[in-house]
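Chain and residue survey
So you can see what is in the structure, the chains are spelled out below.
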Amino acid sequence: MRKILIVGAGQSGLQLALGLQQHGYDVTVMSARTADEIEHGNIMSSQFQFDSTLKFERDLGIYFWDGKAPRTPFTRFMVGADGPAPVVDWTSPLKKPGADVDQRVKMSRWLRLFADNGGNLVIHSATPAELDTWAGEYDLVIVAAGKDGLAEVFDRDASRSPFTAPQRMLSVVYVNGYQPDPADPGDHTVEFHMLPGKGEMIVMPALTVSGPCHILFFEAIPGGPLDVFGDIQSPQQHLERFVELLELHVPWACQQYTKLELTDAGAALRGGFAPAVRHPVAALPSGCVLGMGDVIVANDPITGQGSNMAAKFASVYLDAILERGDQPFDRAFMRHTFETFWTLHGRATTEWTNIMLQPPPPHMLELLGAASQFTAIAHRYTEAFDDPNDFLEWFTDPDKAAAYLAEVVGAAAGSGH
């Protein structure tokens, strides 16, 4: 039986571990925290997932939140200006609803499931020096946690990493009492407020440790008017500052946040990081180790792809390991496995996300504005969040965007609309 060590107990690491466990592999998971510590700790992120990555979990029988997590069938997009109303405002349905399950809820459940099914669970904060020892003891070592210097074991890929500093400073609160806008088609709508020159504000329904809630977060341009959380001393102060900024910069949503309360004592988070892609294989004296998840591809959360990318990593790696059979998990296998992920999912998502971190070019603003008039554009934009490869076909390139817009306008004129 092949022995595999997965260092890290997040979306990618545990999804892969549970999948391998179902196929009879001898899997060890190394987690820095127990399930109880995860469940009762602070929030770690926002983690909205689209249907295609929820399907991975359903296929493995590890999605336990149907009927519990709010199903989110709609997205609403707004572009703000210095005024009481957005200058662009449209809503579009998803073909299939997405959902957001607090990582504290999901990872604690998955960690217990892994142990209950006989998995080898080790509670330990791994160090880079220890990876070399493990590389000689296991058939395959996968690093799915980047803290304590583990990410630095993998060299930065400069050709795929245009930024060397954070492009947004993130501020997140989990709240109860959020009032849906009467203009929304239902209670469960993801809202994206683009605030040119300032950043973005995003709202999404979620399931947290205390039940259904809403997640609100600012993506602040560093040094800008939304980047003002550095002096915050408590989660309650964090929420109060958040509401102040909403009143100043998102006034059209003012009726939605008059009764906000934190869901729990750990329901606030702030920080920032430089988006980066790292080389997926680290060569150590005792052997090579393979990275996955945001250890290797760390995109800014502006496009909501973090948990989706982690789930896609796990799915690609699971298929590759199963297909490998008894052949060695050598460096060639590791590089090929990552490049398969990059071709299928990583490149398009990374390129699109990096573009969204920069001032939007005229052709993008034109398309987003036209989406309020042409539902075909709104639908395509919304659906591409589930498969960002499509953005490269019509949204990110000016010439392709112009051709697509002309096609949509022509089709509408031909149909008499």
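Our subject is the structure listed above.
Keep in mind that this is a model prediction, so the values were computed, not measured.

Rules and cut-offs
- Residues numbered from 1 in each chain as written.
- Predicted model: local features only at pLDDT ≥ 70, side-chain atom pairs only at ≥ 80, totals over all residues.
- Heavy atoms only, no water.
- Helix = DSSP H or I, 4+ residues; strand = E, 2+ residues; numbered from the N terminus.
- Rg over C-alpha atoms; globule rule 2.2 N^0.38 Å.
- Buried < 20%, exposed > 50% of the residue type's maximum accessible area, 1.4 Å probe, protein only.
- Areas by Shrake-Rupley, 256 points an atom, 1.4 Å probe, with all protein chains shown as cover.
- Lys, Arg positive; Asp, Glu negative; His and termini not counted.
- Charge placed at Lys NZ, Arg CZ, Asp CG, Glu CD.
- Axes fitted to C-alpha atoms, helices over the stretch in contact; angles between N-to-C directions.
- Parallel < 35°, antiparallel > 145°, perpendicular 65-115°, else oblique.
- Left-handed = near helix turned anticlockwise from the far one by under 90°.
- Contact = heavy atoms within 4.5 Å.
- Pairing = 2+ DSSP bridges.
- Polar contact = N/O pair within 3.5 Å; in protein donor to acceptor, adjacent residues only side chain to side chain.
- Salt bridge = Lys/Arg side-chain N within 4 Å of Asp/Glu carboxyl O.
- Phe/Tyr/Trp six-rings, centres within 6.5 Å; stacked < 30°, edge-to-face > 60°.
- Lys NZ or Arg CZ within 6 Å of the ring centre and 35° of its normal.
- Expected span 1.5 Å × (residues − 1).
- Core = buried A, V, L, I, M, F, W, Y, C linked by side-chain atoms within 4.5 Å.

**What to know about the overall build of the chain**
The helix and strand inventory of the chain stands at twelve helices and 17 strands. Over its C-alpha trace the chain gives a radius of gyration of 22 Å, about what one expects of a compact globule, namely 22 Å for 417 residues. In terms of principal-axis extent, the alpha carbons of the chain reach across some 65 × 50 × 40 Å. Out of the 417 residues in the chain, the part that is buried amounts to 55%. Of the roughly 17,100 Å² that the chain leaves accessible, carbon and sulfur atoms contribute 52%. Counting 30 positive and 51 negative side-chain charges, the chain places the averaged centre of each group 2 Å from the other.

**Quick look at the packing of helix α1 (residues 11-22) against helix α4 (residues 103-116)**
What describes two packed helices is the angle between their axes and the distance between those same axes. At a closest axis distance of 10 Å, the pairing of α1 and α4 adopts a crossing angle of 30°. Between α1 and α4, the crossing angle belongs to the class labelled roughly parallel. For the pair α1 and α4, the sense of crossing is left-handed. Between α1, through Gln 11, Leu 14, Gln 15, Ala 17, Leu 18 and Gln 21, and α4, the contact on the second element is made entirely by Lys 106, Met 107, Trp 110, Leu 111, Leu 113 and Phe 114.

**Things to note about the sheet that holds strand β1 (residues 3-7)**
Paired through their backbone hydrogen bonds, the strands of a sheet run either parallel or antiparallel. The strand order across the open sheet built from six strands is β6-β2-β1-β7-β16-β15, with neighbouring strands paired in mixed fashion. If you trace the sheet from one side to the other, it starts and ends with β6 (120-123) and β15 (281-284), each paired once. Across this sheet, the average inter-strand angle for adjacent strands is 25°, counted without regard to direction. Of the pairings in the sheet, the one linking strand β2 (residues 26-31) to β6 comprises four bridges and is parallel in character. Bridging from a neighbouring strand, Val 29 pairs with Leu 121 of β6.

**Examining the side chain of Gln 15**
With respect to the helices and strands, Gln 15 occurs in helix α1. A polar contact of 2.9 Å, which involves the side chain of Gln 15, links it to the side chain of Gln 11. Sequence-distant contacts of Gln 15, that is, excluding residues within four places in its chain, are made with Gly 10, Phe 56, Glu 57, Leu 60, Trp 110, Ala 311, Ala 314 and Ser 315.

**A short note on the environment of Ile 302**
Its location among the elements puts Ile 302 in the loop between β17 (297-298) and α7 (306-324). C-alpha separation for the pair Ile 302 and Met 201, spaced 101 residues apart in sequence, amounts to 9.2 Å. Once residues lying within four places of it in the same chain are set aside, the contact partners of Ile 302 are Arg 168, Phe 192, Glu 200, Ile 202, Glu 219, Thr 353, Met 356 and Leu 357.

**Comments concerning the pattern of salt bridges**
Overall, the coordinates contain 20 salt bridges when judged by the stated rule. Salt-bridge contacts for Glu 57 lead to Lys 106; the nearest nitrogen and oxygen are separated by 2.8 Å. Separated by 49 residues along the polypeptide, Glu 57 in helix α3 (residues 51-60) and Lys 106 in helix α4 bring together distant segments of the chain. Given a relative accessible area of 0%, Glu 57 falls into the buried group. Ionic pairing is found between Arg 58 and Asp 66, a salt bridge with its closest N-O pair at 2.8 Å. Because the salt bridges share partners, they merge into one network encompassing Asp 36, Glu 39 and Arg 112.

**Brief notes about the packing of aromatic side chains**
Across all of its chains, the model carries 26 aromatic pairs by this definition. Judged by centre distance (5.5 Å) and plane angle (75°), the ring pair of Tyr 381 and Phe 391 falls under edge-to-face. Highlighted residues: Tyr 381 in helix α10 (residues 375-384) and Phe 391 in helix α11 (residues 391-394), separated in sequence by ten residues. Accessibility assignment for this pair places Tyr 381 and Phe 391 in one class, buried. The structure contains a cluster of three or more aromatic residues connected by ring pairs, namely Phe 48, Phe 50, Phe 77, Trp 90, Phe 192, Trp 352, Tyr 381, Phe 385, Phe 391, Trp 394, Phe 395 and Tyr 404. Lying over the aromatic face of Phe 64, Arg 109 brings its terminal NZ or CZ to 3.9 Å of the ring centre.

**Details of α1**
Given 3.6 residues to a turn, an α-helix orients residues that are three or four positions apart in the same direction. With twelve residues, α1 should reach 16 Å at 1.5 Å per residue; the first-to-last C-alpha distance of 17 Å fits that figure. Within α1, eleven of the twelve residues are buried, which leaves it mostly tucked inside the rest of the structure. Along α1, the positions that sit buried rather than exposed are Gln 11, Ser 12, Gly 13, Leu 14, Gln 15, Leu 16, Ala 17, Leu 18, Gly 19, Leu 20 and Gln 21. Trailing α1 by a residue or two, Gly 24 shows a phi angle of about 85°, which is positive.

**Concerning the nonpolar core**
Counting residues in each nonpolar core, the largest one holds 70 residues, and the members touching the most others are Phe 77, Leu 216, Phe 218, Ile 377, Tyr 381 and Phe 395. Dropping the residues within four chain positions of it, Phe 395 is found in contact with Trp 352, Met 356, His 363, Met 364, Leu 367, Leu 368, Tyr 381 and Ala 401. With 67 residues, the next largest nonpolar core counts Leu 20, Leu 54, Phe 313 and Leu 318 among its residues.

**Overview of the environment of Asp 82**
Assignment of secondary structure puts Asp 82 in the loop between β4 (72-79) and β5 (88-100). Exposure remark for Asp 82: the relative accessible area of 76% places this residue in the exposed category. A sequence separation of 114 residues divides Asp 82 from Pro 196, and the C-alpha atoms of the two residues are 9.8 Å apart.

**Some thoughts on the side chain of Thr 350**
As for its position among the elements, Thr 350 is in helix α8 (residues 331-356). Residue class for Thr 350 comes out buried when judged on its relative accessible area of 3%. Only 3.3 Å separates the side chain of Thr 350 from the side chain of Asn 299, close enough to count as a polar contact. At 2.8 Å, the side chain of Thr 350 forms a polar contact with the backbone oxygen of Gly 346. Dropping the residues within four chain positions of it, Thr 350 is found in contact with Arg 160, Val 277, Val 297, Asn 299, Met 309 and Trp 342.

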